[in-house]
Amino acid sequence: MDSFIDRLEQGIARCGTPVVVGIDPHLQMLPENILPASSAQSVPGCAEWDIRRLALALQSFCRGVLDVVSGLVAAVKFQLAFFEQIGPAGVSVLTDLVQTAHRGGLLVILDGKRGDIGSTALAYAQGMLGSGDASPWGGDALTVNPYLGDDALEPFVQTARERHAGIFVLVKTSNPGGRLFQDLVAEGRPIYRHVAALVEDLASRHLGKCGYGDIGGVVGATYREQLAELREVMPHTWFLVPGYGSQGARAADVAPAFDARGRGAIINNSRALIFAYRRREYDRFGAARWQEAVEAATRDMIAEIRAETPAGRIAPE
């Protein structure tokens, strides 16, 4: 099997876009024909039959998203919290969706931001990393929190390499509060630069044919200057870039994430795509035609990224 990063690069080349569809299924935002608003109640108050109903709604909605985006993009990113919030039933649904995504030719990024030390980190890594029969969760890649240090990252790095998977380490996140710690200066440079140096070192030790490593970095689109700065000092690190869409970033903001060939980054968009029917630009579709809104919004984002960033140099195969 090819390395994760080479499979990702090949998928991007096949689709002609670095767009990743984030699947963050907020219960309160699901279309009425999937889950009536009266049923999207607080989970702690749900009876057992309500939990089953919520699980079926998540499954139906997310399968509908996958049906639309398969063939348009190379990968999807599942935010684990929206499945874990309804307990084992949600986790069972996620497992089904990962398999569905793989059958549709999509790579799967599990967004759990896991992080711990020693045997606990190894348990997370072995449970989540590796597609097919390689792991119970079946993730091609996993987001990882580096706060506990390099020894806490090592089990994820080693497992990813053994199973042809990847990880994306939080470097500079898109949320406003991220600067509280990430921008603190230590030994003459901000904390995020120390993390960046570690991630770049890990990435450069095991390069794919595309010239990038299987160890990637999460770098938010909402800090354009830092995005450009990090692209320069992390030449072997593929970026997962959140913040596009609902958090305010547009194509011009993510342009610095790419190398001169238009490679080196994937751009995630979640709510603005999967709940596009709620946006003014797509309200012509209405809740009943929500899948058409997802497709229209995804195609529009693909066109915008192609027109306004170096990723426009990627020609669909």
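Before any of the text, the structure's been laid out above.
So, here is what we can say about the structure in this document. (Residues numbered from 1 in each chain as written. Predicted model: local features only at pLDDT ≥ 70, side-chain atom pairs only at ≥ 80, totals over all residues. Heavy atoms only, no water.)

What to know about the overall build of the protein
Right, on to step 1. Within the protein, the regular secondary structure consists of 12 helices and 10 strands.
Right, on to step 2. Computed over its C-alpha atoms, the radius of gyration of the protein comes to 19 Å, within 12% of the 20 Å expected for a compact globule of 317 residues.
Right, on to step 3. Expressed along its principal axes, the backbone C-alpha trace of the protein runs to roughly 55 × 45 × 40 Å.
Right, on to step 4. Considering the protein as a whole, with its 317 residues, one finds that 58% of them fall into the buried category.
Right, on to step 5. Taking all contacts inside the protein whose residues are at least 6 apart in sequence as the whole, residues at least 24 apart take part in 73%.
Right, on to step 6. When the accessible surface of the protein is split by element, carbon and sulfur atoms take 50% of a total near 13,000 Å².
Right, on to step 7. If the 31 positive side-chain charges of the protein are averaged to one point and the 36 negative ones to another, these points end up 4 Å apart. (Helix = DSSP H or I, 4+ residues; strand = E, 2+ residues; numbered from the N terminus. Rg over C-alpha atoms; globule rule 2.2 N^0.38 Å. Buried < 20%, exposed > 50% of the residue type's maximum accessible area, 1.4 Å probe, protein only. Contact = heavy atoms within 4.5 Å. Areas by Shrake-Rupley, 256 points an atom, 1.4 Å probe, with all protein chains shown as cover. Lys, Arg positive; Asp, Glu negative; His and termini not counted. Charge placed at Lys NZ, Arg CZ, Asp CG, Glu CD.)

Re the sheet that holds strand S10 (residues 265-269)
Working definition: the strands of a sheet are paired by backbone hydrogen bonds and lie parallel or antiparallel to each other.
Right, on to step 1. Strand order in this closed barrel of eight strands is S1-S2-S3-S4-S5-S8-S9-S10, and the pairing throughout is parallel. Each neighbouring strand pair of the sheet contributes to a mean axis angle of 30°, computed without reference to strand direction.
Right, on to step 2. Sheet strands in contact with helix H4 (residues 88-103) are strand S2 (75-79) and strand S3 (107-114), and its direction is about 175° off that of S2.
Right, on to step 3. The strands touched by helix H12 (residues 290-308) are strand S1 (19-23) and S10; relative to S1, the strand with the most contacts, the crossing angle is about 145°. (Pairing = 2+ DSSP bridges. Axes fitted to C-alpha atoms, helices over the stretch in contact; angles between N-to-C directions.)

Points about the packing of aromatic side chains
Right, on to step 1. Inspection of the entire model under this criterion finds five aromatic pairs.
Right, on to step 2. Grouping aromatic residues by their ring pairs yields a cluster made of Phe61, Phe275 and Trp290.
Right, on to step 3. Taking NZ or CZ as reference, Lys172 lies 5.7 Å from the ring centre of Tyr192, over its face.
Right, on to step 4. Above the plane of the ring of Phe239 lies Arg231, whose end atom (NZ or CZ) is 4.0 Å from the centre. (Phe/Tyr/Trp six-rings, centres within 6.5 Å; stacked < 30°, edge-to-face > 60°. Lys NZ or Arg CZ within 6 Å of the ring centre and 35° of its normal.)

Some remarks on the pattern of salt bridges
Right, on to step 1. The final tally for this structure, using the stated rule, is 15 salt bridges.
Right, on to step 2. Lys172 serves as the salt-bridge partner of Asp183, at 3.4 Å between the closest nitrogen and oxygen. Placement of the pair is Asp183 in the loop between helix H7 (179-182) and strand S6 (185-186) and Lys172 in strand S5 (residues 166-172), with a sequence separation of 11 residues.
Right, on to step 3. Look at Lys172 and you get buried, because its relative accessible area is 0%.
Right, on to step 4. Among the charged side chains, a salt-bridge network with shared partners connects Lys77, Asp111 and Lys113. (Salt bridge = Lys/Arg side-chain N within 4 Å of Asp/Glu carboxyl O.)

Focus: the pairing of strand S4 (residues 141-144)
Right, on to step 1. The alternating pattern of S4 places Ala141 and Thr143 and Leu142 and Val144 on opposite faces, both of which are buried.
Right, on to step 2. Relative to S4, S3 runs parallel, the two being bridged by three bridges. Within S4, the residue paired with Leu110 across the bridge is Leu142.
Right, on to step 3. A crossover connection joins S3 to the parallel S4 through helix H5 (residues 118-128); in handedness this β-α-β unit is right-handed.
Right, on to step 4. By the bridge criterion, four bridges tie S4 to S5 in an arrangement that is parallel. Bridge assignment links Ala141 to a residue of S5, and that residue is Gly166.
Right, on to step 5. Taking the sense of rotation as the criterion, the β-α-β connection linking S4, helix H6 (residues 150-162) and S5 turns out right-handed. (Right-handed = clockwise from strand over helix to strand, strands pointing away.)

Let's talk about the environment of Arg284
Right, on to step 1. Among the secondary structure elements, Arg284 is positioned in the loop between helix H11 (271-274) and H12.
Right, on to step 2. Relative accessible area serves as the criterion here: at 54%, Arg284 is assigned to the exposed category.
Right, on to step 3. Polar contacts involving the side chain of Arg284 include one to the main-chain carbonyl oxygen of Glu281, which spans 2.7 Å. (Polar contact = N/O pair within 3.5 Å; in protein donor to acceptor, adjacent residues only side chain to side chain.)

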